[in-house]
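# Descriptive structure summary
What follows is the residue order along each chain.
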Amino acid sequence: MAKYSSYIELSPHYESVVDIDSETRFPDMWQEYIVHEDMRDAIDKICDSIKYESLDQRRSFWIHGTYGTGKSYAAIVLKHLFEDNTENIRKFLSRQMLVPYREKFMAIREKGDFLVVWKSQATDIKSGTQLMMTMEIAIRQKLKEKFGNEAYYGKKSLTVAAKEAVNDTSINWEDIFENSPFALDEDYGSLDDFREEVANGNLKACNLVARIYRDKGWGFFTVVDSFKAWIADIIEGNHLQDSGIVFIWDEFTTYLRDNPNDDVLQPLSEFCKEQPFFMCLIVHRDPSWVGQIGEESYERIVHRYHDLDFHVSESAAYELIGNSILTRAGMEGLWNEERDKLMKSISNNFADFDNLDMSNKKERLRQLCPLHPMTLSMLAVVAQNFGASQRTLFRFMKDSKESEQKVGFIHYINNYGPNDWRWLTPDFLWDYFFTRESDVRSFSTEAKSA
């Protein structure tokens, strides 16, 4: 008996995980983003902030949401809106939901080019000092990429300070090199080798200098004002006063979890009121780590930003899934016949699916075959509330590893067809989200057996 995989397949352009590497494979992926209310609100707040019509609205941006809600995808779109040519930007902003903000945003872009810096992950950053140094390195790399030989790198920076510090003759660096708990002599052949790495701007070596200063209580590298002065200097030196720097940091969550007493991020969040330096931080808000730093502390941090909460709306989920299911070449006639049979089998129950958030319901349900309408009504809700980094709506549809574990959409279409288990029913969601060990939460034996 024919399986569904004989009739249909998943689009090769359908990304189960969207990150900055996805752009290497599909450079125009950002133009395919399905605009919904969350993106509309983001553009609205960006316009309010960067147009500088109100001091209170002049804020950086905090993008958060559960796993699989498209936070990284949205950030990639923002990256392009700040750095692509105006023709591409106008095209994207001509989507119906964004038209009211198009001219506002275009007026921002027409003032000049932004320096857009992208950074992913914050797992190795254990202090505010390291945060500033990592940001500085990323900004320097972007300056070189954007301006080449014309780039201005500033007169004073944290890495410059590290180079000066390691050559400070008032400090017994020989003793530190040989006897410090950092075991410098195990990683570097000699003090001169270590100094050379610092002179070359090696981030690990510079971070070691910063940690030594911090542990000694000298405090030189914890001066946020020095970093802010450097930012102001490079903004002026690279003629970015009328546009600015947009620093987008994807997967920033671990920094917050590891630095509950942060003394750098908060003053930097206010810096956009003095200079056009905007941070866009992408965070997965999870009770497990928010509880560690305290709900009050978390809210105090977020309060300084424009709070952009991202969800996967039902309508967007249906459109994404529907566009990802493709008919195999030469199977159009046979697949249409099978879809007609599937739709006929639920024709007496269409009224039961009035809660589905979709236009042209019958045609859209036909496009989404063989996903049962009841499965669709639950999919976005279950993914929103019980998802994890390895348990998302998009991974359910696409990941081949899930198929090897006998769960997910690919497993279903490879093993079932119109003549046996003709609809993908909600029990497949249960198997996917709840019967395997979760990477975020565990479920009791009683819950699993329910």
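Scroll up to find the structure this text is about.
Everything numeric here is computed off the predicted structure, so don't read it as measured data.

### Some remarks on the overall build of the chain
For the chain, the count of helices and strands is 25 helices and seven strands. Taken along the three principal axes of its C-alpha coordinates, the chain extends 85 × 50 × 45 Å. Per-residue burial for the chain yields a buried fraction of 51% across its 450 residues. In the chain, of all internal contacts separated by at least 6 residues, the share reaching a separation of at least 24 is 76%. Carbon and sulfur atoms make up 45% of the accessible area of the chain, which totals about 21,000 Å². Within the chain, the 73 negative side-chain charges are centred at a point lying 4 Å from the centre of the 53 positive side-chain charges.

### Notes on helix α17 (residues 314-324)
Inspection of α17 places Ala316, Ala317, Tyr318, Ile321, Gly322 and Ser324 among the buried residues, and these make up the whole buried set. Packed against the buried residues of α17 are β1 (8-10), β7 (325-327), α19 (361-367), α20 (373-386) and α21 (393-398).

### Some points on the state of the cysteines
Under the defined criterion, the tally for this structure stands at zero disulfides. Residue cysteine 47 stays outside any disulfide, its sulfur separated by 14 Å from that of cysteine 280, the closest cysteine. Not engaged in a disulfide, the cysteine cysteine 272 finds its nearest cysteine sulfur in cysteine 280; these two sulfurs lie 12 Å apart. Note on cysteine 272: relative accessible area 0%, which makes it buried.

### Quick look at the packing of aromatic side chains
This model, assessed by the stated rule, comprises 23 aromatic pairs. Plain terms: the ring middles of tryptophan 62 and tyrosine 298 are 6.0 Å apart, the flat faces sit at 75 degrees to each other, and that makes the pair edge-to-face. With tryptophan 62 in strand β2 (residues 61-65) and tyrosine 298 in helix α16 (residues 295-302), the pair connects residues that are 236 residues apart, well separated along the chain. What makes tryptophan 62 buried here is its relative accessible area of 0%. Ring geometry for tyrosine 416 against phenylalanine 428: centres 5.8 Å apart, planes inclined by 80 degrees, an arrangement best described as edge-to-face. Note that tyrosine 416 is positioned in the loop between α23 (409-415) and α24 (427-434) and phenylalanine 428 in helix α24, a separation of twelve residues in sequence. An aromatic cluster is defined as three or more aromatic residues linked by ring pairs; in this entry it consists of Tyr4, Tyr7, Trp335, Tyr412, Tyr416, Trp421 and Phe428. The lysine or arginine in question, lysine 146, covers the ring of phenylalanine 147, its NZ or CZ lying 5.9 Å from the ring centre.

### Quick look at the pattern of salt bridges
According to the stated counting rule, one finds 19 salt bridges in the structure shown. With its nearest N and O atoms 3.4 Å apart, the salt bridge here joins arginine 40 to aspartate 41. With relative accessibility at 33%, the residue aspartate 41 sits in the partly exposed group. Among the salt bridges present, the one from glutamate 274 reaches lysine 228, with a minimum N-O distance of 3.7 Å. Of this pair, glutamate 274 sits in the loop between α14 (265-270) and β5 (277-284) while lysine 228 sits in helix α12 (residues 224-237), and the two are 46 residues apart along the sequence. When its relative accessible area of 54% is taken as the criterion, glutamate 274 is described as exposed. Classification of lysine 228 by relative accessible area gives buried; the value is 14%. A network of salt bridges, in which partner residues are shared, links Lys79, Glu83, Lys142 and Glu145.

### Some points on the sheet that holds β5
To summarise the sheet geometry, strands pair through backbone hydrogen bonds and adopt either a parallel or an antiparallel arrangement. Reading across the sheet, the five strands line up as β3-β4-β5-β2-β6 and stay open at both edges, with parallel pairing between neighbours. Two strands bound the open sheet, and with one partner strand each, they are β3 (114-120) and β6 (306-309). Across the sheet, the axes of successive neighbouring strands diverge by a mean angle of 15 degrees, strand direction being ignored. In this sheet, β5 lies alongside strand β4 (residues 244-250) in parallel orientation, the contact comprising five bridges. By the bridge assignment, valine 246 is partnered in β5 with phenylalanine 278.

### Structural notes on the packing of helix α6 (residues 128-147) against helix α11 (residues 203-216)
At a closest axis distance of 10 Å, the pairing of α6 and α11 adopts a crossing angle of 150 degrees. Considered as vectors, α6 and α11 are oriented roughly antiparallel to each other. The interaxial crossing formed by α6 with α11 has right-handed handedness. Across the interface between the two elements, Thr129, Gln130, Met133, Thr134 and Ile137 of α6 pack against Leu203, Cys206, Asn207 and Ala210 of α11. Partitioned by chemical class, the residues of the contact of α6 with α11 number five nonpolar, four polar and no charged.

### Concerning the pairing of β2
Counting buried residues along β2, five of its five residues qualify, which places the element largely inside the surrounding structure. The side-chain alternation of β2 yields two buried faces, one formed by Phe61, Ile63 and Gly65 and the other by Trp62 and His64. Pairing geometry for β2 and β5, over five bridges, is parallel. Note that in β5 the partner of histidine 64 across the bridge is valine 283.

Definitions and cut-offs
- Residues numbered from 1 in each chain as written.
- Predicted model: local features only at pLDDT ≥ 70, side-chain atom pairs only at ≥ 80, totals over all residues.
- Heavy atoms only, no water.
- Helix = DSSP H or I, 4+ residues; strand = E, 2+ residues; numbered from the N terminus.
- Buried < 20%, exposed > 50% of the residue type's maximum accessible area, 1.4 Å probe, protein only.
- Contact = heavy atoms within 4.5 Å.
- Areas by Shrake-Rupley, 256 points an atom, 1.4 Å probe, with all protein chains shown as cover.
- Lys, Arg positive; Asp, Glu negative; His and termini not counted.
- Charge placed at Lys NZ, Arg CZ, Asp CG, Glu CD.
- Disulfide = S-S within 2.5 Å.
- Phe/Tyr/Trp six-rings, centres within 6.5 Å; stacked < 30°, edge-to-face > 60°.
- Lys NZ or Arg CZ within 6 Å of the ring centre and 35° of its normal.
- Salt bridge = Lys/Arg side-chain N within 4 Å of Asp/Glu carboxyl O.
- Pairing = 2+ DSSP bridges.
- Axes fitted to C-alpha atoms, helices over the stretch in contact; angles between N-to-C directions.
- Parallel < 35°, antiparallel > 145°, perpendicular 65-115°, else oblique.
- Left-handed = near helix turned anticlockwise from the far one by under 90°.
- Nonpolar A, V, L, I, M, F, W, Y, C, P; charged D, E, K, R; others polar.

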